[in-house]
Amino acid sequence: MNTTEKSKESASTVAGETAGGTVTPETSAVTDRPRLQSQWKSLVFDIKRFAVHDGDGIRTTVFFKGCPLRCKWCQNPEGLKATRQPVYLRNQCIHCGHCKAAARPGQLTWKDNSPVLNHQYPGHFDEVVYACPAAAIRYDSTPYDLDTLMEKIREDAVFFKSGGGVTFSGGEPFLQGHFLEDILKRCKAEGFHTAIESSFFADPTLVKACAPYLDRIFADIKILDPAGHRQATGRDNTQILENIAWLLDTPEHRDKVIIRTPLIPGFTATMENVGDIARWISGHYPGVKYELLNYNPLASAKYEMTGQDYSLPPHPMFTGDEMNAFRQTARDNGVMNLIEE
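Basis of the calculations
- Residue positions are given per chain, counting from 1 as you read along its sequence in written order.
- For this predicted model, a pLDDT threshold of at least 70 governs which residues receive local features, and a threshold of 80 or more governs which side-chain atom pairs are given and counted, while totals over whole chains, interfaces and linings are taken from all residues.
- Heavy atoms from the whole structure form the basis of all side-chain values; hydrogens and water molecules are not counted.
- To qualify as a helix, a DSSP run of H or I must reach at least 4 residues; to qualify as a strand, a run of E must reach at least 2; elements of each kind are numbered from the N terminus.
- Burial status follows relative accessibility: with a 1.4 Å probe on protein chains alone, a residue under 20% of its type maximum counts as buried, one over 50% as exposed, and anything between as partly exposed.
- In this analysis, two residues are considered to be in contact whenever any of their non-hydrogen atoms come within 4.5 Å of each other.
- For accessible areas, the Shrake-Rupley method is used with a probe of radius 1.4 Å. Any residue's cover is judged against the shown protein chains and nothing else.
- Directions drawn from the helix axis to the C-beta atoms are what define this arc.
- In protein, a polar contact means a hydrogen-donor-capable atom and an acceptor-capable atom, both N or O and within 3.5 Å, with residues adjacent in sequence counting only if both atoms are side-chain atoms; elsewhere, any N or O pair within 3.5 Å suffices.
- The convention used is that axes are lines fitted to C-alpha atoms, helices contributing only their stretch in contact, and that angles between N-to-C directions extend from 0 to 180 degrees.
- If an angle is under 35 degrees, it is roughly parallel; if it is over 145, roughly antiparallel; if it lies from 65 to 115, roughly perpendicular; otherwise it is oblique.
- Crossing chirality is assigned from the near helix's rotation relative to the far helix, an anticlockwise turn below a right angle marking it left-handed and a clockwise turn marking it right-handed.
- Following the grouping adopted for this structure description, the nonpolar residues are Ala, Val, Leu, Ile, Met, Phe, Trp, Tyr, Cys and Pro, the charged ones are Asp, Glu, Lys and Arg, and the polar ones are all others, Gly among them.
- Given the number of residues in a helix, its expected span is that number minus one, multiplied by 1.5 Å.
- Just to be clear on terms, a salt bridge is a Lys or Arg side-chain nitrogen sitting within 4 Å of an Asp or Glu carboxyl oxygen.
- Confidence of the predictor at the level of single residues is given by pLDDT, which spans 0 to 100.
- For our purposes a nonpolar core is just a set of buried Ala, Val, Leu, Ile, Met, Phe, Trp, Tyr and Cys residues, chained together by side-chain atoms within 4.5 Å.
- A pair of strands is considered paired only if DSSP assigns at least 2 bridges between the two.
- Handedness rule for crossovers: strands pointing away from the viewer, path from the first strand over the helix to the second running clockwise, crossover right-handed.

1. Quick notes on the overall build of the chain
Working step 1: Regarding its fold elements, the chain presents eleven helices and 15 strands.
Working step 2: Across the 341 residues in the chain, those meeting the buried criterion constitute 55%.
Working step 3: Residue pairs in contact within the chain that sit at least 24 positions apart in sequence constitute 72% of those at least 6 positions apart.
Working step 4: For the chain, the accessible area works out to roughly 14300 Å², and carbon and sulfur atoms hold 52% of it.

Dropping the structure here:
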């Protein structure tokens with residue numbers, strides 16, 4: 001996922017937008033029926049407003065659904081699948097049983113006076129979502145076409161005037177195909193600063209088509225070794241490195257790029273890996289900007305509601321001294337522009 005691993009949202013911030021902790025679900029328990037699939041253009045699992053960690057200034061961050069990677073530490077598991085899925089928010093459930101009565105065979109079981117959703121069920125959950133009076137069962141994402149997504153972005157335009165803008169994240173934003181290219185063009189036409197957070201496991205043609213409409217590019221390099229990358233994410237990193245190499249080798253784009261490595265215990269957080277990445281990126285562009293992201297142990301809270309298991313053992317964030325050691329390794333291996341928060 002794209003995943004810059006910087007999403008700080010709690011388990012409740014799904015299926016809607018977050019603004020100061022307020023969640024707007026895709027369906028208000030009784031009044032609004034879910035949209036028809038025929039109207040979908042893109043799935044968004046969150047719109048984070050007033051974001052300050054996703055680029056310059058105050059930003060609106062759009063999280064697209066769907067990711068080709070399966071990082072074992074994924075910070076946004078609700079954004080992995082490209083299809084719309086139901087989620088269960090246990091703390092909102094009033095245990096009324098309406099969902100049980102509305103469910104089709106195979107959609108859920110009833111255990112300890114609560115529903116257990118079958119996330120392998122092949123069909124939609126419209127009736128179950130519609131039946132829940134407490135919005136404890138809802139969809140994990142909202143369908144948007146270009147016009148409706150631009151309307152949401154424009155709501156925050158006043159904040160963009162002071163150096164902010166809109167950031168597209170995920171999931172993997174490039175998985176949206178030409179929808180991403182079109183929304184970037186619209187944002188630039190209205191004068192909005194644009195940014196992307198991506199793994200760059202993407203079609204090179206699409207990357208090159210979108211790059212002119214991006215003002216800031218956050219690119220993840222998690223693991224440089226191909227075998228290690230495949231073991232940790234399920235995918236080879238050849239395409240990722242080719243796309244990032246093109247960005248760093250292209251004068252009109254290289255200064256827009258910030259390379260990020262999330263420091264994950266047992267996977268990416270080794271001096272060897274950080275040194276390898278530092279040498280590779282500085283070899284392509286000596287002035288490259290590089291940021292090391294501390295481990296975020298809070299992601300596991302999201303896994304239960306999406307019916308997934310978090311496979312990493314408990315581990316605290318790295319200490320200041322440990323982070324400084326990683327940063328020094330990057331400097332020792334050629335990085336001159338190290339970003340520190």
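Next comes the rest of the account.
2. A closer look at helix α3 (residues 146-154)
Working step 1: L146, L149, M150, K152 and I153 are the residues of α3 that are buried. The buried residues of α3 all sit within an arc of 155° when viewed along its axis, so they share a single face.

3. Brief notes about the side chain of E197
Working step 1: By secondary structure assignment, the location of E197 is in strand β11 (residues 193-198).
Working step 2: Taking the relative accessible area as the measure of exposure, E197 reaches 1% and is therefore buried.
Working step 3: At 2.8 Å, the side chain of E197 and the side chain of S169 are in polar contact.

4. Examining the packing of α3 against helix α5 (residues 178-189)
Packed helix pairs are characterised by how far apart their axes lie and by the angle those axes make with each other.
Working step 1: Contact pair α3 / α5: the axes reach a minimum separation of 11 Å and the direction vectors enclose 45°. By the criterion of interaxial angle, the relationship of α3 to α5 is oblique. Read as a crossing pair, α3 and α5 show a hand that is right-handed. Residues L146, D147, L149, M150 and I153 of α3 form the contact with α5, whose own contacting residues are F179, D182, I183, R186 and C187.
Working step 2: Taken together, the residues of the contact of α3 with α5 sort by class into seven nonpolar, no polar and three charged.

5. Some words on helix α8 (residues 238-249)
Working step 1: In a regular helix each residue adds 1.5 Å, so twelve residues correspond to 16 Å; α8 covers 16 Å between its end C-alpha atoms and thus fits that length.
Working step 2: Among the residues of α8, those classed as buried are I240, L241, N243, I244, A245, L247 and L248.
Working step 3: Where α8 is buried, its residues touch α6 (204-210), β12 (216-220), α7 (226-233), α9 (251-254), β13 (257-262) and α10 (271-284).

6. What about the pattern of salt bridges?
Working step 1: Applying the stated criterion across every chain yields a total of 17 salt bridges.
Working step 2: The closest approach of N and O atoms between E190 and R154, which form a salt bridge, is 2.8 Å. Pair noted here: E190 is in the loop between α5 and β11 and R154 is in helix α3, with a separation of 36 residues, a long-range link.
Working step 3: A relative accessible area of 35% places E190 in the partly exposed class.
Working step 4: A relative accessible area of 38% means that R154 is categorised as partly exposed.
Working step 5: In this structure, K222 engages D220 in a salt bridge whose closest nitrogen and oxygen atoms are separated by 3.1 Å. The exposure classification of K222 matches that of D220, with both residues buried.
Working step 6: Several salt bridges converge on common partners, so that one network encompasses R49, K152, E155 and D156.

7. Description of the confidence of the model for the chain
Working step 1: On average, residues of the chain score 87 in pLDDT, and 88% of them reach the 70 mark or higher.
Working step 2: Low pLDDT (under 50) marks residues 1-39, which in the prediction has 125 contacts with non-local residues, meaning those over four places away or in another chain.

8. What about the nonpolar core?
Working step 1: In this structure, I153, F168, I281 and Y290 are the most contacted members of the largest nonpolar core, which totals 70 residues.
Working step 2: Considering each element in turn, this core owes the most residues, six residues, to α8.
Working step 3: For Y290, the contacting residues outside a window of four places in its chain are I259, R260, T261, V274, I277, I281, A330, V335, N337, L338 and I339.
Working step 4: The next biggest cluster of nonpolar side chains, apart from the first, holds 13 residues, and it includes L108, V129, I137 and Y139.

9. Quick look at the pairing of strand β10 (residues 165-170)
Working step 1: Counted residue by residue, β10 has six buried out of six residues, so it is predominantly covered.
Working step 2: As defined by bridge partners, strand β4 (residues 59-64) adjoins β10 across six bridges and the pair is classed as parallel. By the bridge assignment for β10, V62 is matched with F168.
Working step 3: You can see the chain leave β10, run along α5 and come back into β11, and the turn it takes is right-handed.

10. Description of the pairing of strand β14 (residues 289-293)
Working step 1: With respect to burial, β14 is a largely interior element, four of its five residues being buried.
Working step 2: Sheet topology note: the β13/β14 ladder contains five bridges and is parallel. By the bridge assignment for β14, P262 is matched with L293.
Working step 3: In terms of handedness, the path from β13 via α10 over to β14 forms a crossover that is right-handed.
Working step 4: In terms of strand pairing, β14 meets strand β15 (residues 337-339) through three bridges, oriented parallel.

11. Focus: the environment of D203
Working step 1: Within the secondary structure, D203 is located in the loop between β11 and α6.
Working step 2: Through-space distance from the C-alpha of D203 to that of Q239 is 8.1 Å; in sequence the pair is 36 residues apart.
Working step 3: Among the polar contacts listed, one links the side chain of D203 to the backbone nitrogen of T205, at a separation of 3.0 Å.

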